[in-house]
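These are the residues of each chain, in order.
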Amino acid sequence: EPEVTQTPSHQVTQMGQEVILRCVPISNHLYFYWYRQILGQKVEFLVSFYNNEISEKSEIFDDQFSVERPDGSNFTLKIRSTKLEDSAMYFCASSEHPSGGANSPLHFGNGTRLTVT
Amino acid sequence: AQSVTQPDIHITVSEGASLELRCNYSYGATPYLFWYVQSPGQGLQLLLKYFSGDTLVQGIKGFEAEFKRSQSSFNLRKPSVHWSDAAEYFCAVGALFPGNQFYFGTGTSLTVIP
């Protein structure tokens, strides 16, 4: 069964550095998402992406964050000038149709654990 | 505003016992409802989904869930729990409006006692 893959599985970075989290969505999916989960807390929506542009973003997704689909397969999340509170598990997801649409659940990757020191 | 509530933060059951995890949602239209499971160090795996039709839906690993519109609930059940079911369980609502995103509950952590 096709999977969403994320790399790296664990990223450690120093405060103030930039990180790029990478995702390869399922190949026939058109909608892409980033979520994050701070340890012990709920899974929070960051951003959704369709047709090479952001379709929705949450309050968390401020100017520190950006997303890109640099080629036909990768979907990246860039975090500039990381802060301690950015430490979390970041999940990429994709869906064939808009989330909540007919028979179109989100398929999640295994996540990237980001640790900011 | 859309929201998902999972009232139970942590549940402990004995292996072989039945299980019910509660989920309540708030959404202005017909919801699309999902249950995901997260094993330690793993991603979110879809257990089952409800879009329309039969309100009792069957999922993987022997799980089922029942949609009750009158109670705004979508509780997850399993008749006999296995030790491998120990994990974090998330209920989610899929929403097209006002934006294209999922709303997750805070999760219920399941411990299974041998």
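Right, let's walk through the structure included here.

Counting across every chain of the model gives 20 aromatic pairs over all chains. The interplanar angle of 5° and the centroid separation of 4.3 Å between the aromatic rings of A:Tyr31 and A:Tyr50 together place this pair among those described as stacked. Within this pair, whereas A:Tyr31 is found in strand 4 (residues 31-37), its partner A:Tyr50 is found in strand 5 (residues 43-50), the two being separated by 19 residues in sequence. On the accessibility criterion, A:Tyr50 (34% relative accessible area) is partly exposed. Put simply, the rings of A:Tyr35, A:Phe45, A:Phe91, A:Phe108, B:Tyr32, B:Phe34, B:Tyr36, B:Phe51, B:Phe90 and B:Phe104 pair up and form one aromatic cluster.

Residue placement: A:Ser48 occurs in strand 5. Within polar-contact distance, the side chain of A:Ser48 engages the side chain of A:Ser55 at 2.9 Å.

Moving on, we come to the state of the cysteines. Residues and elements named next belong to chain A. On inspection of all chains with the given rule, the structure shows two disulfides over all chains. Between the sulfur of Cys-23 and that of Cys-92 lies a disulfide, 1.9 Å long from S to S. Its torsion about the S-S bond being -65°, the disulfide of Cys-23 and Cys-92 is classed as left-handed. Linking Cys-23 in strand 3 (residues 19-24) with Cys-92 in strand 9 (residues 88-95), this pair joins segments that are 69 residues apart in sequence. Assigned by exposure class, Cys-23 and Cys-92 land together as buried.

Before going further, it helps to examine the nonpolar core. Counting 28 residues, the largest nonpolar core has B:Leu19, B:Trp35, B:Leu47, B:Leu48, B:Phe74, B:Leu76 and B:Tyr89 as the members making the most contacts within it. It is strand 10 (residues 87-95) of chain B that provides the largest number of residues to this core, a total of four residues. Not counting residues within four places of it along the chain, the set of residues in contact with B:Leu48 comprises B:Leu33, B:Phe34, B:Trp35, B:Val57, B:Gln58, B:Gly59, B:Phe63, B:Glu64, B:Ala65, B:Phe74 and B:Leu76. Counting 22 residues, the second-largest nonpolar core is a separate cluster that includes A:Val19, A:Leu21, A:Val47 and A:Val67.

Looking now at the pattern of salt bridges. All names here are of chain B. For the structure shown, the criterion picks out five salt bridges over all chains. Here Glu-64 makes a salt bridge to Arg-77, at a shortest N to O gap of 3.2 Å. Of the two residues, Glu-64 is situated in strand 8 (residues 64-68) and Arg-77 in strand 9 (residues 73-78); the sequence distance between them amounts to 13 residues. Since its relative accessible area comes to 23%, Arg-77 is described here as partly exposed. Arg-77 serves as the salt-bridge partner of Glu-66, at 3.2 Å between the closest nitrogen and oxygen. Here Arg-77 lies in strand 9 and Glu-66 lies in strand 8, a separation of 11 residues in the sequence. Here Glu-66 falls in the partly exposed class, since its relative accessible area comes to 24%. Among the charged side chains, a network of salt bridges with common partners joins Glu-64, Glu-66 and Arg-77.

The rules behind each value
Residues numbered from 1 in each chain as written. Chains lettered and ligands numbered in written order. Predicted model: local features only at pLDDT ≥ 70, side-chain atom pairs only at ≥ 80, totals over all residues. Heavy atoms only, no water. Phe/Tyr/Trp six-rings, centres within 6.5 Å; stacked < 30°, edge-to-face > 60°. Helix = DSSP H or I, 4+ residues; strand = E, 2+ residues; numbered from the N terminus. Buried < 20%, exposed > 50% of the residue type's maximum accessible area, 1.4 Å probe, protein only. Polar contact = N/O pair within 3.5 Å; in protein donor to acceptor, adjacent residues only side chain to side chain. Disulfide = S-S within 2.5 Å. Core = buried A, V, L, I, M, F, W, Y, C linked by side-chain atoms within 4.5 Å. Contact = heavy atoms within 4.5 Å. Salt bridge = Lys/Arg side-chain N within 4 Å of Asp/Glu carboxyl O.

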